[in-house]
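Secondary and tertiary structure notes
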Amino acid sequence: MILSVMIFTPFLAGVFLYLFRAKINFVKASVLLVQVFIASLAIDVYMGFEPSAILQFESNIPWIPFYGINYHIGLDGVSLSLFMMVALIMPLVSIALYDRAFVGLWINSLIVQSGIMGALLAQDLMLFYLFWETMLLPIFFMIGIYGYGKKEFFSMKFTIYTIFGSLAMLISILYLIISFKVQHGFYTFDIVSLKDTILTHQEQIFIFLGFALAFGIKIPIFPFHTWLADTYKSSPTIAIVILSALMSKLGIYAIYRILFGIFASISLELAHLVISLGLASMLYFALLAINSIDLKKIFAYSSASHLSLILVGLFIHNSTSLLGVSLFIASHALSTAAIFIMIAILYNRRESINLDSLGGIVQSAPLFSLFFAFFALSIVGIPFTSGFVSEILIILGSFEYSSIVGFVATTSILASIVFILNVIKKTLFGKKQEDFKDLQSKELLSLIPLALLILALGIFPNTFLSKVKPTVDNYSNSSKAHYAK
Amino acid sequence: MFKNYLILSILLFSLGLIGAVSRRNIIIIYMSIELMLNAVSIMLVSYSSFYNTNTGVVLSIMVTAIAAAEAALFMALFVTLYRKKKSLDTSLFNSLKDTNATK
Amino acid sequence: MLNNIEIVLLFILAISISLVVFSTKLSLQKAYNISLITLSASFVFLLQDLGEIFSTLIQKDIFNSMLIYDSFSLLFILIFLLSSAFLLLISKEYIFDHKYFKVESLIFILFSVWGMILLSMSNDLIVAFIALEIASMSIYVLVGINKHKLKSSEAFFKYLVLGSFMGAFYLLGLTLVFIQSGTTSFIDLAKYISTHEIEQLYLVIVGGLLIMATLMFKISAFPFYAWSLDIYDGAPLPITSLMAGIFKISIFSVILRLFLSDYISLKDLYDPLIILASIFTMLAGSFLAISQDSIKRMLAASSIVHSGYLLIALSSIATIGDSASYSLVFYLIAYFLSSLGSLGVLSMINSKDDVTYESLKGFASTNPFLALMMSIFMLSLAGFPSSIGFLGKFYIFSSAIESSLTPLAILGALTAFISIYYYFKVIASMYFHKNISVLLTYSNIKSYIIIFIISFLVLYLGIGSSYFTYLPGTNDLTEFSKSIINSL
């Protein structure tokens, strides 16, 4: 019940605010209020979360019983990290960007929060698909109405690109449930029951590819990344933070939940292909990031590069790397959200995010520089940040899997540290230019919690890891069984 | 014998078909369509008389009724179109072509 | 004793005829009110027949088994009555604003609805044809009602010539079926087909093909789709809505009845044709829709695509009552709601020229309500989740996969993907531009309420759960579509 409240409160509040044409100040205040309310509920849920592999806070209500479609939601170790991040990051983003004066932007951010939350908690494929698609609509409006440059075009491009993947997924879902129905005589969309579908090897590969296309576009992995740079460049900051920090992780989560939940054996069979693709796109995105001079693009590509690392960790699928993945989802969400907020602040004051025209900030704005450097470094994972622990876990896992994979992953992480240091240098240091206003208390109000969360997850990772350990063990046992066979 | 009538009506139907497709004058197109309907009527009536049933005749009366209704509409059409262009040549009526498509 | 449907049929007929008699004395306003009351009263009156599955022959002594009244036809009759009443309500301002709408236009609308009711009840080839002609002929006239506009007269000309031309094929097909089987009744024909081998059925098969050609023409399927764009474009908007939204559904009702009760055992012969028709209908419609500039033409072209989806369902039907047959019914309901709504919104825009993507720019800032409603209908037509259009597509594609027609389902998904482009373009032009739209809208509160009701239905039947037992939701609608198929 509490989870349903968390899913639908933002949506209903958004619709209410839209219909009553509320004034901007009222809208901002109520959006923030709703998001803080959700965050407090999330903390309550987190406290009550039992460290075990079973589904918790479950509710299961028939929706279209004729087709075996249920409103089935629940929380387990797979979704826990992203769940907390959605609930915690959204209010912090709202605080940081509180000066944005567009009603539609705020309402859409509420609705997209509902969509992400719903997709995250859905245990029924149909419900998942519903939320997966509907969360696209607010982003479509956010970019198209409040974006920059050729926003109409890029908003359409992003939407059409993503829906292409979704329709591939839809066909896969339908094929899967029809096969299940033919074998068992009834329809079901329940992720757990669908595991029992017997499919030929070829069918499995096609269905796997259908799902993988949808998730791969959303993350994105090479070669489905062509929407990434344009979309980020033309999006308003709230949309960028949601896209990079939350929605891209949802792609990872969906692979974890659906591909490993339903097609565990075929996923492990294709694992080496995905891992090579992941490593390649990790390096490719890193190169793209190095070659860009636009800060938004740089961090878009570097975050895509790290997402590929998460993907690699996911497909390595032993217990160490899966722990790393769970933690990395959280820490990367925090870091990217923070860094894009920093970039928005930078853009507000300098009217430019071009690397060549920046510099000389550290003299007039020490606090800003401190936070910028900290968040940039937390992305690549310096010690004491959560990124560090999770990267170490994934690298350990990859050495367990194969030393070549471990070696490539380590090298690219090291390379990205060098490159991020370069970005920090160019952005902050150098000859003093005109005065740069330092961080305000309102901005600090959102940045300090983000920094504290990153540090807390980095210094005491065990409080979180112990909650997801049973789930991870459950998943990694299946892969052990697969490799033993 | 029934076969001959069948062939006759199929021939008439085809004639009507060709006329309706190839002619440009709307009155002739209309006459061709009527020819097609009448071909069907001949088929029905000859079937009735050779196989001693009344159903075919009844059906042919219905076909005639429909043809009459169509005739009324066609008369209205002739008048409307003639008022527009002072001619009944179909090639003059092409304003519905895809003019505002983006290409 | 007369049963309910007979009363309704006689009632509408009597009203129409008395309107004809008094047409010179009545003002348009009075005639409008009378026809509206007639349609909605009949709708409410027939609601009491909902519930149990039933099937009765109408006046067996007079009509033999020519007319049948069952749950299947009841659903369609209710759709016709409801949607034509909605149509009149939505386009009230349009009708009164355009001087070419006269009392006669309303009479023709009543007659066409009457013909469609008869069509969905017909149980005999000749009755089906007469009903089809009653509905079509009224619509021919309605298309050309604006006799001062060249486009309208041309659409009238094209539709009349093509329609009667294709009608001749129906009659030829009917005659061939009759010559071989000696009957035109659906019931006797079904008996005849099931007791004979395929080798003895040549004329029945060829006749069925000719009949199919005419029906394909009426639903604007490939290869007979080229007319529909021009004619939908030339007709006044409420009439386009009548043709694309309501008339098409009535054709599908007779196709379903004919196909399910008679030709189902010859399905293997017709299947390749239907599949080909559905593939090319979807592709051709998509290409036409992409290249249009005017919203009305785009909607007309996209209605061709929707016929393609419906043909997918038709080709997936294996037996009566399998998932394909009721997915078709469900999709028809979904389609009628969304197309009625979208064309309804268009008919509330008071504009001399065609509404194009360009002129829609900034519409959301001048009329946020209509823009929101339009977006909902666009999403439903595009098959976006949380709308009834999505569930319709979902059922159709899953039934296609169930009949191992997976490539067809994939093609359907691809055309749905293409349709995302042209439907979302409408939303994009309404919302993504700051400039003030020049479009004026009629502000009739009743029309707004009806538009709102339709959009609510589109959303509620898309996500509504049976959790709220007092409001029938999606699940009940699905079960209902299944049960009415079983009444055939």
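Bear in mind that the values here come from a model prediction, so they are computed numbers and not experimental data.

Turning our eyes to something else, we now look at the overall build of chain B. Across its full length, chain B carries three helices and zero strands. Moving toward the C terminus, one meets the helices and strands of chain B in the order α-α-α. A globule of 103 residues ought to have a C-alpha radius of gyration of about 13 Å, yet chain B, at 18 Å, is considerably larger. For chain B, the C-alpha atoms occupy an extent of roughly 60 × 25 × 25 Å along the three principal directions. Burial status across chain B gives 40% buried among its 103 residues. For chain B, restricting intrachain contacts to residue pairs at least 6 apart in sequence, the fraction spanning at least 24 positions comes to 55%. With the model as given, the accessible surface of chain B reaches about 5,700 Å², and the carbon-plus-sulfur share is 65%. Mean positive and mean negative side-chain charge positions of chain B (9 and 4 charges, respectively) differ by 6 Å.

Attention now moves to the overall build of chain A. Scanning chain A for helices and strands turns up 19 helices and two strands. Taking 23 Å as the expected radius of gyration for a compact globule of 485 residues, we find that chain A reaches 21 Å, a close match to that expectation. Principal-axis analysis of the C-alpha atoms gives chain A an extent of 70 × 60 × 45 Å. For chain A, the share of sequence-separated contacts (at least 6 apart) that also reach a separation of at least 24 residues comes to 81%.

Here the focus is the pattern of salt bridges. Residues and elements named next belong to chain C. This model, assessed by the stated rule, comprises 14 salt bridges over all chains. R257 is paired through a salt bridge with D70; the nearest N and O atoms lie 3.2 Å apart. Of the two residues, R257 sits in helix α12 (residues 237–261) while D70 sits in strand β2 (residues 68–70), which places them 187 residues apart along the sequence. As far as burial versus exposure is concerned, R257 and D70 are alike and both buried. When salt bridges that share partners are traced, they join K151, K158, D230, D233 and R297 into one network.

What follows deals with the pairing of strand β2 (residues 69–75) of chain A. All names here are of chain A. With respect to burial, β2 is a largely interior element, six of its seven residues being buried. As paired elements, strand β1 (residues 56–64) and β2 share six bridges and run antiparallel to each other. Note that in β2 the partner of N60 across the bridge is H72. What sits between β1 and β2 in their antiparallel hairpin is a turn of four residues, with G68 showing a positive phi close to 65°.

Each partner contributes to the interface: chain A provides 37 residues, whereas chain C provides 44 residues. Note on chain A versus chain C: buried area summed over both sides is about 3,600 Å², and carbon and sulfur give 81% of it. Counting only elements with at least two residues in the side of chain A that touches chain C, the list comes to β1, α5 (125–134), α6 (136–146) and α7 (151–184) of chain A. Considering each element in turn, the side of chain A that touches chain C owes the most residues, 15 residues, to α7 of chain A. For the side of chain A that touches chain C, a count of residues per class yields 28 nonpolar, four polar and five charged.

The next subject is the domain arrangement of chain A. Residues and elements named next belong to chain A. For chain A, the assigned domains read domain 1 (1–269) and domain 2 (271–485). Computed over C-alpha atoms only, the centres of domain 1 and domain 2 are separated by 22 Å. Here domain 1 and domain 2 share an interface that buries about 4,800 Å² over both sides, 75% of which is from carbon and sulfur atoms. Counting every contact that joins domain 1 to domain 2 gives zero salt bridges. In this structure, the connection of domain 1 to domain 2 is made through 10 residue pairs in polar contact (both at pLDDT 80 or more). At the level of elements, α2 (24–48), α3 (77–96), α9 (228–234), α10 (237–262) and α11 (264–269) are the ones that each hand at least two residues to the side of domain 1 that touches domain 2.

Before going further, it helps to spend a moment on a positive patch on the surface. On the surface, R83 and K86 of chain B together with K102 and K147 of chain C cluster together to form a positively charged patch. With respect to the helices and strands, R83 of chain B occurs in helix α3 (residues 55–85).

A full pass over the atoms with the stated rule returns eight cavities of 30 Å³ or more. There is about 160 Å³ of room inside the largest cavity. As for the largest cavity, its lining consists of 13 residues, of which G208, M212, L258, F259 and Y263 of chain C are closest to the centre. Mapped by element, the contributors of at least two residues to the lining of the largest cavity are α10 (202–218), α12 and α13 (267–290) of chain C. When residues in the lining of the largest cavity are grouped by element, the largest group, six residues, is from α10 of chain C. Taken as a whole, the second largest cavity encloses approximately 80 Å³ of empty space. Lining the second largest cavity are Y129, E133, I163, L167 and L170 of chain A together with A382, G383, F390, K393, F397, A416 and I420 of chain C. Elements that contribute at least two residues to the lining of the second largest cavity include exactly α5 and α7 of chain A together with α19 (388–402) and α20 (406–431) of chain C.

Ranked by size, the top nonpolar core spans 443 residues in total, and within it F83, F215, L295, F299, F368 and F375 of chain A together with F394 of chain C carry the most contacts. Dropping the residues within four chain positions of it, L295 of chain A is found in contact with I343, L346, I353, L355, L358, F372, V423 and T427 of chain A.

What follows concerns a nonpolar patch on the surface. All names here are of chain B. Taken together, the side chains of M1, Y5, L8, F50 and Y51 make up a nonpolar region of the molecular surface, amounting to roughly 520 Å² of accessible area. Listing elements by their share of the nonpolar patch, those giving two or more residues are α1 (2–22) and α2 (26–51). Assignment of secondary structure puts Y5 in helix α1.

The next subject is the interface of chain B and chain C. In this assembly, 40 residues from chain B lie in contact with 40 residues from chain C. Interface area for chain B against chain C, summed over the two sides, is near 3,700 Å², with a carbon-plus-sulfur share of 79%. Our enumeration of links across chain B and chain C arrives at zero salt bridges. Along the contact surface separating chain B from chain C lie one residue pair in polar contact (both at pLDDT 80 or more). The set of elements that each furnish at least two residues to the side of chain B that touches chain C consists of α1, α2 and α3 of chain B. The element that contributes the greatest number of residues to the side of chain B that touches chain C is α3 of chain B, accounting for 15 residues. Across the side of chain B that touches chain C, the residue classes tally to 27 nonpolar, eight polar and five charged.

Considering all chains together, one arrives at 70 aromatic pairs over all chains under this definition. Aromatic pair F141 of chain A and F432 of chain C: ring centres 6.4 Å apart, planes at 90°, arrangement edge-to-face. Placement of F141 of chain A in helix α6 and of F432 of chain C in the loop between α20 and β4 (440–441) is noted, with the two residues assigned to different chains. Side by side, F141 of chain A and F432 of chain C carry an identical accessibility label, which is buried. Clustering of aromatic rings is evident, with ring pairs tying together F66, Y67, Y129, Y187 and F189 of chain A together with Y326, F330, F390, F394 and Y395 of chain C. Seen from the ring of Y18 of chain A, R21 of chain A lies directly overhead, with NZ or CZ sitting 5.2 Å from the centre.

For the rest of this paragraph, the subject is the side chain of T38 of chain C. Here T38 of chain C shows up in helix α2 (residues 28–47). Apart from residues no more than four positions distant in its own chain, T38 of chain C is found in contact with F11, I12 and I15 of chain C.

As a further point, take the environment of F263 of chain A. The residue F263 of chain A is located in the loop between α10 and α11 in this model. A sequence separation of 67 residues divides F263 of chain A from D196 of chain A, and the C-alpha atoms of the two residues are 9.8 Å apart.

Before going further, it helps to examine the confidence of the model for chain B. Overall, the prediction assigns chain B a mean pLDDT of 86, with 92% of residues at 70 or greater. This stretch, residues 99–103 of chain B, has a pLDDT under 50; its non-local contacts, to residues over four places away or in other chains, come to nine contacts.

Let us now look at the side chain of S91 of chain C. Inspection of the secondary structure puts S91 of chain C in the loop between α4 (71–90) and α5 (92–97). A polar contact of 2.5 Å, which involves the side chain of S91 of chain C, links it to the backbone oxygen of L87 of chain C.

Once that is clear, we can look at helix α18 (residues 368–382) of chain C. All names here are of chain C. For α18, built from 15 residues, the straight-helix expectation of 21 Å at 1.5 Å per residue is met to within 8% by its first-to-last C-alpha distance of 21 Å. For α18, a buried count of 12 out of 15 residues is recorded, marking the element as mostly surrounded by other parts of the structure. Turning to α18, its buried residues are L370, A371, M373, M374, S375, I376, F377, M378, L379, S380, L381 and A382. Backbone geometry just downstream of α18 places G383 in the positive-phi region, at approximately 80°.

Of note, M36 of chain B is situated in helix α2. For the pair M36 of chain B and L11 of chain B, spaced 25 residues apart in sequence, the C-alpha separation works out to 9.5 Å. Not counting chain neighbours up to four residues away, the residues in contact with M36 of chain B comprise F13, G16 and L17 of chain B together with F165, A168 and F169 of chain C.

Procedures and definitions
- Residues numbered from 1 in each chain as written.
- Chains lettered and ligands numbered in written order.
- Predicted model: local features only at pLDDT ≥ 70, side-chain atom pairs only at ≥ 80, totals over all residues.
- Heavy atoms only, no water.
- Helix = DSSP H or I, 4+ residues; strand = E, 2+ residues; numbered from the N terminus.
- Rg over C-alpha atoms; globule rule 2.2 N^0.38 Å.
- Buried < 20%, exposed > 50% of the residue type's maximum accessible area, 1.4 Å probe, protein only.
- Contact = heavy atoms within 4.5 Å.
- Areas by Shrake-Rupley, 256 points an atom, 1.4 Å probe, with all protein chains shown as cover.
- Lys, Arg positive; Asp, Glu negative; His and termini not counted.
- Charge placed at Lys NZ, Arg CZ, Asp CG, Glu CD.
- Salt bridge = Lys/Arg side-chain N within 4 Å of Asp/Glu carboxyl O.
- Pairing = 2+ DSSP bridges.
- Buried area = accessible area lost by both parts, 1.4 Å probe.
- Nonpolar A, V, L, I, M, F, W, Y, C, P; charged D, E, K, R; others polar.
- Domains from an automatic or database assignment.
- Polar contact = N/O pair within 3.5 Å; in protein donor to acceptor, adjacent residues only side chain to side chain.
- Patch = residues over 30% accessible without salt bridge, like charges linked within 9 Å, V, L, I, M, F, W, Y side chains within 5 Å.
- 1 Å grid on protein atoms, 1.4 Å probe; cavity = no way out; pocket = protein on both sides within 12 Å on 5 of 7 lines; lining within 4 Å.
- Points joined across faces, edges and corners; volume = space filled by probe spheres on them.
- Core = buried A, V, L, I, M, F, W, Y, C linked by side-chain atoms within 4.5 Å.
- Phe/Tyr/Trp six-rings, centres within 6.5 Å; stacked < 30°, edge-to-face > 60°.
- Lys NZ or Arg CZ within 6 Å of the ring centre and 35° of its normal.
- pLDDT = per-residue confidence, 0-100.
- Expected span 1.5 Å × (residues − 1).

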